[in-house]
Amino acid sequence: MEDYADSNVGEYSNSTLSIKRHVRFFRMCLQALPSSYSSLDTSRLTVAFFALSGLDVLNSLDVIESEKQDIINWIYSLQVLPDPENTDESLSRCGFRGSSTIGLTFNPSEKDTATFHPYDWGHVAMTYTGLASLLILGDDLSRVNMPAIVAGLKALQLEDGSFSALENGSENDMRFVYCACCISYMLQDWSGINKDKAVQFIQNSLTHDFGIGQGPGQECHGGTTFCGIASLVLLDRLETAFTQKQIDGIKKWCLFRQQTGFNGRPNKKTDTCYSFWVGSTLKLLKVFNLIDFRWNRNYILSTEDTGMGGFAKWPDFHPDALHAYLGLCGLSMMGEEGLAPIHPALNISQRAADHLLSIHNKWRDGADS
């Protein structure tokens with residue numbers, strides 16, 4: 001109720017989205033970032049994904065047309081490839097790293113050659129955002145070492161069905177299950193995942209109040225509920241993983257997250273990013289039409305920085321790449337004028353998802369010939 005009292009639903013009802021400012025904001029994210037982003041140095045690829053996909057949703061990728069190939073080459077330079085002298089043992093660490101801070105880069109013109117380093121690992125989230133960014137930029141994935149990525153993915157799944165982020169050990173939770181499913185879907189190769197174990201992990205993470213947590217026994221959360229439901233959609237197991245009573249409970253739990261915009265857990269503040277995390281879950285569950293579009297749009301626009309562009313998590317806070325991108329996605333799902341539609345399970349534009357489908361069709365046609 002506090003959120004309703006503090007927000008005037010009519011204040012932004014007739015406001016027009018500042019598209020040019022948001023384009024400028026995302027271009028800035030690709031070129032230079034303030035010192036506060038230094039802690040994300042090893043995750044540059046994820047920041048780049050937010051900026052690239054943001055421009056895509058804004059129908060404005062043309063502003064980086066002259067830089068596009070350089071960005072594609074930079075992404076490929078972050079691919080962790082097998083040791084040519086010891087391929088079998090090094091496959092488990094393959095994927096994409098988040099930046100050149102860790103590991104060694106290679107010359108993209110040399111295709112599949114790389115300088116191998118024994119302490120260099122791919123990261124499952126960076127592999128997801130790397131592949132997604134290549135698709136957004138229109139790349140055909142021809143320089144992706146797919147067998148190596150699948151082998152690296154297989155090494156990350158644990159006995160309980162969850163995934164670690166790195167081959168040398170890390171947290172293991174629902175976020176990385178989602179990344180693994182996205183990677184497998186994009187590459188059309190599910191041999192790196194034990195599907196039954198992954199589905200069981202998601203089932204075991206459903207809580208008594210019908211949200212999904214980071215893992216079994218963990219508090220449910222809007223972000224991890226999205227990761228669980230989207231993973232099941234990509235696995236084509238949503239209809240069989242939960243009973244109808246459980247599906248109805250998940251729908252209700254998500255719908256109850258709307259205050260003005262959405263929060264991620266009961267009794268927490270509304271936050272721009274959950275307009276995507278929870279909103280997209282409701283899209284996948286086919287009940288998105290039950291939310292109050294006007295309240296949600298009003299909250300998202302209340303966090304917009306009309307000077308430099310971008311969205312913040314809360315009104316009167318500094319914008320950041322993650323909330324700027326996910327705020328746009330929240331608006332896109334409500335049909336905001338000037339924004340491209342998104343693919344709610346893969347968290348990329350529908351245009352990028354259609355490009356992926358065309359790649360899949362070429363692979364299939366090539367296999368059939």
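Residues numbered from 1 in each chain as written. Predicted model: local features only at pLDDT ≥ 70, side-chain atom pairs only at ≥ 80, totals over all residues. Heavy atoms only, no water.

Peer 1: Honestly, the layout of surface pockets in this entry has me stumped. Any pointers?
Peer 2: Unfilled space is identified by rolling a water-sized probe across the atoms. Computed from the structure, the largest pocket encloses a volume of approximately 980 Å³. If you go around the largest pocket, you meet 37 residues; those closest to its centre are Thr46, Phe50, Arg175, Trp277 and Leu322. At the level of secondary structure, the elements contributing two or more residues to the lining of the largest pocket comprise helix H3 (44-57), helix H6 (124-136), helix H8 (174-187), helix H10 (222-235), helix H13 (274-284) and helix H15 (321-333). A breakdown of the residues in the lining of the largest pocket according to their chemical character gives 22 nonpolar, 12 polar and 3 charged. (1 Å grid on protein atoms, 1.4 Å probe; cavity = no way out; pocket = protein on both sides within 12 Å on 5 of 7 lines; lining within 4 Å. Points joined across faces, edges and corners; volume = space filled by probe spheres on them. Helix = DSSP H or I, 4+ residues; strand = E, 2+ residues; numbered from the N terminus. Nonpolar A, V, L, I, M, F, W, Y, C, P; charged D, E, K, R; others polar.)

Peer 1: In this structure, what is going on with the pattern of salt bridges? I would like to understand it.
Peer 2: If the charged atoms of two oppositely charged side chains come close together, the side chains can form a pair. Inspection of every chain in the model, using the stated rule, returns 13 salt bridges. Across the salt bridge formed by Arg351 and Asp56, the nearest N and O atoms sit 2.7 Å from each other. You can see Arg351 sitting in helix H16 (residues 350-368) and its partner Asp56 sitting in helix H3, a full 295 residues away along the chain. Given the relative accessible area of 2%, Asp56 is considered buried. When the shortest N-O distance is used, the salt bridge between Arg265 and Glu219 registers 3.1 Å. Residue Arg265 is found in the loop between helix H12 (244-255) and H13, and its partner Glu219 is found in the loop between helix H9 (195-204) and H10; the two are separated by 46 residues along the sequence. (Salt bridge = Lys/Arg side-chain N within 4 Å of Asp/Glu carboxyl O. Buried < 20%, exposed > 50% of the residue type's maximum accessible area, 1.4 Å probe, protein only.)

Peer 1: Can you help me understand the side chain of Ser133 in this one?
Peer 2: The topology assignment puts Ser133 in helix H6. On the basis of relative accessible area, Ser133 is assigned to the buried category, the value being 0%. Polar side-chain contacts of Ser133 include one of 2.7 Å to the backbone oxygen of Thr129. (Polar contact = N/O pair within 3.5 Å; in protein donor to acceptor, adjacent residues only side chain to side chain.)

Peer 1: Can you walk me through the side chain of His323 in this structure?
Peer 2: By the secondary structure assignment, His323 is in helix H15. What makes His323 buried here is its relative accessible area of 9%. Non-local contacts of His323, meaning those with residues more than four positions away in its chain, are made with Asp271, Thr272, Cys273, Phe311, Ala312 and Lys313. (Contact = heavy atoms within 4.5 Å.)

Peer 1: I would appreciate a short explanation of unusual backbone geometry in the present structure.
Peer 2: Most peptide bonds adopt trans geometry, and most residues besides glycine take a negative phi value. Even without being a glycine, Asn59 presents a positive backbone phi close to 55 degrees. Turning to its location among the elements, Asn59 is positioned in the loop between H3 and helix H4 (68-77). Take Asn59: its relative accessible area is 40%, and that puts it in the partly exposed class. The residue Asn347 is not glycine, and still its phi comes out positive at about 60 degrees.

Peer 1: Is there a simple way to think about the state of the cysteines in this case?
Peer 2: Disulfide: a covalent bond formed between the sulfur atoms of two cysteine residues. Across all of its chains, the model carries 0 disulfides by this definition. Here Cys181 stays unpaired: no disulfide links it, and the sulfur of Cys182, its closest cysteine neighbor, is 7.2 Å away. A relative accessible area of 0% means that Cys181 is categorised as buried. Cys227 carries a free sulfur, and the closest cysteine sulfur to it, the one in Cys179, is 7.0 Å from it. (Disulfide = S-S within 2.5 Å.)

Peer 1: Could you clarify how one ought to interpret the confidence of the model for the protein chain in this entry?
Peer 2: Chain-level statistics for the protein chain give a pLDDT mean of 92 and a share of 92% at 70 or above. Considering only residues more than four positions removed or in separate chains, one finds that residues 1-7, a stretch of pLDDT under 50, has 10 contacts. (pLDDT = per-residue confidence, 0-100.)

Peer 1: Looking at this model, I keep getting lost on the nonpolar core. Mind explaining?
Peer 2: Ranked by size, the top nonpolar core spans 108 residues in total, and within it Phe26, Tyr128 and Phe242 carry the most contacts. At 11 residues, the largest contribution of residues to this core is made by H8. Excluding anything up to four places from it in sequence, Phe26 contacts Phe50, Ala51, Gly54, Leu55, Leu58, Ala321, Ala324, Tyr325 and Leu328. (Core = buried A, V, L, I, M, F, W, Y, C linked by side-chain atoms within 4.5 Å.)

Peer 1: Please explain the packing of aromatic side chains as it appears in this structure.
Peer 2: Using the criterion set out here, one finds 12 aromatic pairs in the structure. Summarising the aromatic geometry, the rings of Tyr128 and Tyr178 are spaced 5.7 Å apart at their centres and angled 70 degrees between planes, so their arrangement reads as edge-to-face. Highlighted residues: Tyr128 in helix H6 and Tyr178 in helix H8, separated in sequence by 50 residues. A single burial state applies to Tyr128 and to Tyr178, both of which are buried. A centroid spacing of 5.4 Å and a plane angle of 50 degrees characterise the contact between Phe226 and Trp277, whose relative ring orientation is tilted. You can see Phe226 sitting in helix H10 and its partner Trp277 sitting in helix H13, a full 51 residues away along the chain. Like Phe226, the residue Trp277 is buried in the burial classification. (Phe/Tyr/Trp six-rings, centres within 6.5 Å; stacked < 30°, edge-to-face > 60°.)

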